[in-house]
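One letter stands for each residue in the lines below.
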Amino acid sequence: MQPTDQESSKKFNSEVKGYDLNEGVNYDKILETFINTGFQATNLGKAINEVNRMIKCKLSEMPEEKKDSMITKSNCTIFLGYTSNMISCGMREYIRFLVQHKMVDCLVCTAGGIEEDFIKCLAPTLNGDFHLSGSQLRTEGINRIGNLLIPNDNYCKFEDWIMPIFDQMIDEQEKNKINWTPSKIINRLGKEINNPDSVYYWAYKNDIPVFSPALTDGSLGDMMYFHSYRKPGLVVDILEDLRLLNNLAVHACNTGMIILGGGLIKHHVLNANLMRNGADFSVFINTASEYDGSDAGASPDEAISWGKIRRDAKPVKVDCFFI
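Notes on the structure follow. This is a predicted model, so every value here is computed, not measured.

Criteria and cut-off values
- Residues numbered from 1 in each chain as written.
- Predicted model: local features only at pLDDT ≥ 70, side-chain atom pairs only at ≥ 80, totals over all residues.
- Heavy atoms only, no water.
- Helix = DSSP H or I, 4+ residues; strand = E, 2+ residues; numbered from the N terminus.
- Contact = heavy atoms within 4.5 Å.
- Expected span 1.5 Å × (residues − 1).
- Buried < 20%, exposed > 50% of the residue type's maximum accessible area, 1.4 Å probe, protein only.
- Axes fitted to C-alpha atoms, helices over the stretch in contact; angles between N-to-C directions.
- Parallel < 35°, antiparallel > 145°, perpendicular 65-115°, else oblique.
- Pairing = 2+ DSSP bridges.
- Core = buried A, V, L, I, M, F, W, Y, C linked by side-chain atoms within 4.5 Å.
- Phe/Tyr/Trp six-rings, centres within 6.5 Å; stacked < 30°, edge-to-face > 60°.
- Lys NZ or Arg CZ within 6 Å of the ring centre and 35° of its normal.

Quick look at the environment of glycine 221
Now for step 1: Within the secondary structure, glycine 221 sits in helix H11 (residues 219-230).
Now for step 2: Linking glycine 221 and tyrosine 291, residues 70 residues apart in sequence, is a C-alpha distance of 33 Å.
Now for step 3: Apart from the residues lying within four places of it in its own chain, the contact partners of glycine 221 are Leu215 and Thr216.

Observations regarding the side chain of asparagine 154
Now for step 1: With respect to the helices and strands, asparagine 154 occurs in helix H8 (residues 152-176).
Now for step 2: Sequence-distant contacts of asparagine 154, that is, excluding residues within four places in its chain, are made with Ile119, Ala123 and Pro124.

Thoughts on helix H9 (residues 182-193)
Now for step 1: Its 12 residues give H9 an end-to-end C-alpha distance of 16 Å, which sits within 8% of 16 Å, the value for a rise of 1.5 Å per residue.
Now for step 2: Listed as buried for H9 are Pro182, Ser183, Ile185, Ile186, Arg188, Leu189, Gly190 and Ile193.
Now for step 3: Asparagine 194, located one to two residues past H9, shows a positive phi value of around 45°.

Considerations on unusual backbone geometry
Now for step 1: Positive phi outside glycine occurs at asparagine 194, with the angle close to 45°.
Now for step 2: Position of asparagine 194 relative to the elements: it lies in the loop between H9 and helix H10 (199-205).
Now for step 3: Residue asparagine 194 is classed as exposed on the basis of its relative accessible area of 56%.
Now for step 4: Its identity as a non-glycine residue notwithstanding, asparagine 277 has a phi of 65°, on the positive side.
Now for step 5: In this structure, asparagine 277 sits in the loop between helix H13 (264-274) and strand S8 (281-286).

Observations concerning the packing of helix H6 (residues 111-122) against H8
Now for step 1: Between H6 and H8, whose axes approach to 9 Å, the crossing angle comes to 100°. The pairing of H6 with H8 is recorded here as roughly perpendicular in orientation. Two secondary-structure elements touch here, H6 through Glu115, Phe118, Ile119 and Leu122 and H8 through Asn154, Tyr155, Lys157, Phe158 and Trp161.

Re the sheet that holds strand S3 (residues 126-127)
Now for step 1: Here we have 3 strands laid out as an open sheet, ordered S3-S5-S4, and antiparallel in their pairing. For this open sheet the edge positions go to S3 and strand S4 (142-145), each flanked by a neighbour on one side alone.
Now for step 2: Here H8 sits on the sheet in contact with S4 and strand S5 (148-151), set at roughly 55° to S5.

Thoughts on the environment of proline 209
Now for step 1: Position of proline 209 relative to the elements: it lies in the loop between H10 and strand S6 (210-211).
Now for step 2: Separated by 25 residues in sequence, proline 209 and lysine 184 have C-alpha atoms that sit 8.3 Å apart.

A word on the nonpolar core
Now for step 1: One finds Tyr82, Val99, Leu107, Ile114 and Tyr200 to be the most contacted residues of the largest nonpolar core, which totals 47 residues.
Now for step 2: Per element, the largest residue contribution to this core is 7 residues, and it comes from H8.
Now for step 3: Ignoring anything within four residues of it in the chain, the contact list for tyrosine 200 reads Tyr82, Ile87, Leu107, Cys109, Gly113, Ile114, Asp117, Phe118, Ile186, Gly190 and Val210.
Now for step 4: The next biggest cluster of nonpolar side chains, apart from the first, holds 18 residues, and it includes Cys106, Phe211, Val269 and Phe284.

Focus: the packing of aromatic side chains
Aromatic ring pairs: the centre-centre distance and the angle between the two ring planes describe each pair.
Now for step 1: This model, assessed by the stated rule, comprises 6 aromatic pairs.
Now for step 2: A centroid spacing of 5.1 Å and a plane angle of 80° characterise the contact between tyrosine 201 and tryptophan 202, whose relative ring orientation is edge-to-face.
Now for step 3: For tyrosine 201, a relative accessible area of 11% gives the class buried.
Now for step 4: Its relative accessible area of 16% is what places tryptophan 202 among the buried residues.
Now for step 5: Among the aromatic residues, those joined into a ring-pair cluster are Phe118, Phe158, Trp161 and Tyr200.
Now for step 6: The ring of tryptophan 306 has lysine 308 lying over it, and the distance from NZ or CZ to the ring centre is 4.9 Å.

As structure tokens, then:
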């Protein structure tokens, strides 16, 4: 057996140890011990530290030359990206809290994560089971998302609510020359829903931009399609939103990225930060593997090679296989 190199072992001086429940249930202390627990608990502990570094930077004083900026609002612009299932499930309430209390500066989400927030204000999503028969649910007019259920009636209520708003938007486009973008549409819907349970109500109230470059990829797109026959003419400009998102990164003092999931929302946030030679703080939480070459599974180190994360940053990925 090879003798242990004592000098080398000194580099690894953090002992693996979990929380002792004999000290009582103290959630703060439990979270603090994650970093020494091992496996993905350690990565989660590192992610918590990275988010705390973002918050500390955000609360620090801005440089004098940035204080008059119309775009930059704090010393660290925090981008929160998440896939639609985060809104489908009970994670919606945590995201709403962050937006309500201005703890993030920008949201990026897929279309499902936009429409389902509004639909939940009109009718509830229900708990079901992963193994319910799709054929049987189809005959009952119920749609399944994993083990969540959305009755067809919910989408009917959504259609009744949104169609008159689309009518108004076309009138404003024609009369007031409004150039509608996904973020402007989401802002308008957040105003119209007027419900404090909604994530995007608070985004509207707190002037937090919400980007969804694939806004037509879901029920919202279905509604736009139906409406285009009823009253054609609505134009949605994605390039204006791209300029706004990229400029939020370019003009930021520092940037932090929290990405829940992968695919479009992950790359859209990372690519915006490429425009400033990379984010200063980054946390990825997803279930994807990097070994298929997908952007969803790509490690933070791969993002550094592209200039999406700064070379001196300390990014963290949490491989969350069980949510």
